[in-house]
Each structure stands twice: as structure tokens, then as C-alpha cells.
Amino acid sequence: MDSRIPELQRRILELKKKRRALIVAHNYQPLEIQQIADFVGDSLQLARKCAADKRHDIIVFAGVRFMAEMAAVLSNMPVYIPAPDTLCPLAGYVTASKIRIKKRKYPGMPVVVYVNTTAEAKSECDVVCTSGNAVEVVQSLGVDTVLFGPDKNLADHVRRATGIRVIDIEPKGHCYVHQQFDVAQIQLLREEHPDAVVIAHPECPLEVQEAADMVGSTGMMAKTVAESPAKEFILATEIGMVEQLQAAHPDKVIIPAYNGARCIQMKKNSLEKILRVLEDLPQENRVTVPDELVPRVRLALRRMSKAPSAALSVPVPRSS
Ligand code: SF4
């Protein structure tokens, strides 16, 4: 462990109090950041936390930019991101203009976008979804076809679970971190750990989802590991989640389906950068969303929250 970590954490906690800052961290953040956060969770959980908070003056959002944008839309507090250049490559696959082109091609068809999109792209959709509630959101529309993006693997997950026709806004959209998992790795690990429960994130390729026992968001993974009587889990998701769950459950064995599944963007945040934000509140770290986009993004997020409850505790079972 880096010997500077405890001192940096101490200074952050001191300043956090002085600034009345809420620090939230995504599950994929480095463990030393998760340790000083008020709340750690998936993107939906973090957005809800920021929206509901009334006790702080500022938010420091340790995640990637689109997540901080959501917090800025849903909260009245100034939102800061430790590393302003944390752009999720998956979010880059679907732009507002791409959505407009698809809408012209398929007039009247509902547009569902994954939370991993810019605020500008969200402003062009009907409803937002997360990996934890994509199935419920699409089902709640009561239609037989939807436009969906940007993640082609999450689209496959929705197709498989709902039987609804899902048209990709961008058929190449994927997360490079989750695209790296493969079935051979999982089979090998299953042979070594025959009692382990395999959980795959829906951003993994379809064949990996089908090779898993459960498919779900990081929020679902945390809940399953905490509540399941099983002692071993193989997780096909970003390594930060594996580290977090192993630290929280020392009595269980949490095995990464692939050790190299590391999101470079998420790891751009650091304790040093959080400390700098708290010291100086630099303008370049402030995340804002243009006023004209806010009502439409808020509406798309509100529609998501009206869909039946997210699948945090009801993972999609493996098809046999
Ligand atoms: S893990 Fe994938 S989807 Fe998540 S922020 Fe990183 S690149 Fe984007």
C-alpha cells in the first residue's frame, strides 16, 4: 500500500467536514477512495443519493463524467469531479445527433438510453435505464420494439429477458472493460471453484452472460454476495468491485473472472485530486449541464424511476 494513503485520507476527511462536502464513489473506484466516501454504489444508487441529500453544501463525485452530470441535474448543489477528463468510452458511442437520425428513421418509436451517455444524448431520449433496471424500464413501455443504446451487450440482455425487439442505436457500442471477459476463462475458474456462484455484468458479451449463473448490475452483485449463503463468487466486472466486496466480506472468496478488467477512466480519480478539489474548488472540476437540457434529462430520469422497481434483488437467471 502507498504509505501516503492514510495521511491523504486524514486530510480529506478533515476538509470534507469543513466544506460540508458529500463524497460519493462508484463501485469501480480505487479502494482507498471508497474508504473515504460517504456512500459507494452503482450509478443509479449514487444519483439517488445525491438527489436526496439535504445535509451538505457541495458534492464530490468520484466516478466518470456522465455520472457527475446526472448528479448535477438531480441535485441543487455544486458538483465537482476529481479528474475532469474521466470520459466513459461507452458513452461516446451514442451522441444526440445519432439519436436524432435514428428517430427520423423510426418515427414514434420509444428511445431508451443507458445511463452511460452524456446529458446531451439523454436529452434526446424518452427514458433512461441502468444495468440494474434496463429490463424493467423496457418492459414498462408496453411496446414491441424500442430504440436502445449505446451498449450492444446490455441490449442483448434486454432482448433475452423480454423478447422485445431492441434496435441498436449504435450496433458497435460496448464497454472495452467488460468486452474482455470470455467463456473459456469462466469455465476454467468453474473447474477450480466448482461451488462458486458466477455473476456477470450485462455489459459482458452475451455468451459470457449465458455462461454465468446470474446477470446483474454491481448493486445486485453487492446484494447477492451479502445475502447469499454461498462462500465463493466469480465476478465478471471491473476489478474495483471485486476488491470492494473482498474487503467487505473477508469470510467469503471473491474471484475476478479476469484480473485485467480495469477501467482506466475510473482510475483517473485519486486521493490527491480529491484533496485538491476540496482545497481549491477549481472551476475546471465543476460539472454543469446546460440549462436548456436540464428539464428534458430530468424528465427522462423521472420516467425511469417510475418504472417497476430495479432488479437489484431479482437477477435474471441463466437460460438453460
Ligand atoms: S467500466 Fe466501461 S462502462 Fe464503466 S466507465 Fe469504464 S469504460 Fe465506461
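Residues numbered from 1 in each chain as written. Predicted model: local features only at pLDDT ≥ 70, side-chain atom pairs only at ≥ 80, totals over all residues. Heavy atoms only, no water.

Examining the nonpolar core
- In this structure, F61 and F148 are the most contacted members of the largest nonpolar core, which totals 91 residues.
- Of all the elements, helix α4 (residues 65–74) adds the most residues to this core, at seven residues.
- Aside from chain neighbours lying at most four places away, what touches F61 is V24, L46, C50, M67, A68, A71, V79, Y80, I81 and P82.
- Core analysis: the next-biggest nonpolar cluster, separate from the first, contains 19 residues, L8, I58, Y80 and V277 among them. (Core = buried A, V, L, I, M, F, W, Y, C linked by side-chain atoms within 4.5 Å. Buried < 20%, exposed > 50% of the residue type's maximum accessible area, 1.4 Å probe, protein only. Helix = DSSP H or I, 4+ residues; strand = E, 2+ residues; numbered from the N terminus. Contact = heavy atoms within 4.5 Å.)

Here we look at the confidence of the model for the protein
- Per-residue confidence for the protein gives a mean pLDDT of 94, with 96% of residues at or over 70.
- Low pLDDT, under 50, characterises residues 310–320; the stretch is placed with 33 contacts to residues that sit more than four places away or in other chains. (pLDDT = per-residue confidence, 0-100.)

So, the site of the ligand
- Neighbouring the ligand are Y28, V64, C88, P89, L90, N116, C175, Y176, V177, E203, C263 and M266.
- Of the residues contributing to the shell around the ligand, the split by class is ten nonpolar, one polar and one charged. (Near = heavy atom within 4 Å. Nonpolar A, V, L, I, M, F, W, Y, C, P; charged D, E, K, R; others polar.)

A closer look at the sheet that holds strand β3 (residues 58–62)
- On the basis of which strands lie adjacent, the open sheet formed by five strands has the order β2-β1-β3-β4-β13 and mixed pairing. A strand with exactly one partner marks an edge of an open sheet, and here the two such strands are β2 (39–41) and β13 (286–287).
- In the sheet, strand β1 (residues 21–26) pairs with β2 via three bridges, with the strands oriented parallel. Looking at β2, one finds that H26 is bridged to G41. (Pairing = 2+ DSSP bridges.)

A closer look at a positive patch on the surface
- Taken together, the side chains of R298, R302, R303 and K306 make up a positively charged region of the molecular surface.
- Here R303 shows up in helix α14 (residues 294–306). (Patch = residues over 30% accessible without salt bridge, like charges linked within 9 Å, V, L, I, M, F, W, Y side chains within 5 Å. Areas by Shrake-Rupley, 256 points an atom, 1.4 Å probe, with all protein chains shown as cover. Salt bridge = Lys/Arg side-chain N within 4 Å of Asp/Glu carboxyl O. Lys, Arg positive; Asp, Glu negative; His and termini not counted. Charge placed at Lys NZ, Arg CZ, Asp CG, Glu CD.)

What about the packing of α4 against α14?
- One way to put it is that α4 packs onto α14 with a least axis distance of 10 Å and a crossing angle of 100 degrees. Looking at the two axes, α4 sits roughly perpendicular to α14. Each of M70, V73 and L74 in α4 lies in contact with α14, whose residues at this interface are V294, V297, R298 and L301.
- Class assignment for the residues of the contact of α4 with α14 results in six nonpolar, no polar and one charged. (Axes fitted to C-alpha atoms, helices over the stretch in contact; angles between N-to-C directions. Parallel < 35°, antiparallel > 145°, perpendicular 65-115°, else oblique.)

Let's talk about the packing of aromatic side chains
- Tallied over the full model, the rule gives one aromatic pair.
- Note on F181 and Y258: the rings are 6.5 Å apart at their centroids and 90 degrees apart in plane angle, and the pair reads as edge-to-face. A residue pair is termed long-range when its members are at least 10 positions apart, and F181 in the loop between β8 (165–168) and α9 (183–192) and Y258 in the loop between β12 (253–256) and α13 (271–280) qualify at 77 residues. (Phe/Tyr/Trp six-rings, centres within 6.5 Å; stacked < 30°, edge-to-face > 60°.)

With respect to the sheet that holds strand β6 (residues 127–129)
- In space, the four strands of this open sheet follow the order β6-β5-β7-β8, with parallel pairing throughout. Here the strands that pair on one side only, and so sit at the sheet edges, are β6 and β8. Strand-to-strand twist of the sheet, defined as the mean angle between neighbouring strand axes without regard to direction, takes the value 35 degrees.
- With three bridges connecting them, strand β5 (residues 111–114) and β6 associate as parallel partners. For V112, the partnering residue across the bridge sits in β6 and is V127.
- Together, β5, β7 (145–149) and β8 form the strand contacts of helix α5 (residues 96–105), whose direction differs from that of β5 by roughly 155 degrees.

Description of the side chain of D53
- Along the chain, D53 falls in the loop between α3 (43–52) and β3.
- Of the side chains with opposite charge, R55 lies nearest to the buried D53, which makes no salt bridge, at 4.8 Å.
- Engagement of the side chain of D53 in a polar contact is seen with the backbone nitrogen of R55, the distance being 3.1 Å.
- Residues contacting D53, with those up to four places away along its chain left out, are L22 and M77. (Polar contact = N/O pair within 3.5 Å; in protein donor to acceptor, adjacent residues only side chain to side chain.)

Details of the pairing of β7
- The buried count for β7 comes to five of five residues, which makes it a mostly enclosed element.
- Burial along β7 is two-sided: the face carrying T145, L147 and G149 and the face carrying V146 and F148 are both buried.
- Two elements, β5 and β7, share three bridges in a ladder whose sense is parallel. Along β7, the bridge assignment pairs V113 with G149.
- Handedness of the β7-helix α8 (residues 152–162)-β8 crossover: right-handed. (Right-handed = clockwise from strand over helix to strand, strands pointing away.)

Quick word on the pairing of β3
- Among the five residues in β3, five count as buried, and that is most of the element.
- Burial of the side chains of β3 extends over both faces: I58, V60 and A62 are buried on one face and I59 and F61 on the other.
- In terms of strand pairing, β1 meets β3 through five bridges, oriented parallel. What sits directly across from A21, in β3, is I58.
- A crossover connection joins β3 to the parallel strand β4 (residues 79–80) through α4; in handedness this β-α-β unit is right-handed.

With respect to the domain arrangement of the protein
- Under the domain assignment, the protein is made up of domain 1 (5–86 + 265–281), domain 2 (90–174 + 298–306) and domain 3 (178–262).
- For domain 1 versus domain 2, the distance between C-alpha centres works out to 27 Å.
- At the junction of the two partners, domain 1 supplies seven residues and domain 2 supplies twelve residues.
- Between domain 1 and domain 2, a total of about 840 Å² is buried, with carbon and sulfur atoms accounting for 68% of that surface.
- Linking domain 1 with domain 2 are two residue pairs in polar contact (both at pLDDT 80 or more).
- Contributing elements (two or more residues each) for the side of domain 1 that touches domain 2: α3 and α4.
- Of all the elements, α4 adds the most residues to the side of domain 1 that touches domain 2, at five residues.
- The class makeup of the residues in the side of domain 1 that touches domain 2 is five nonpolar, one polar and one charged. (Domains from an automatic or database assignment. Buried area = accessible area lost by both parts, 1.4 Å probe.)

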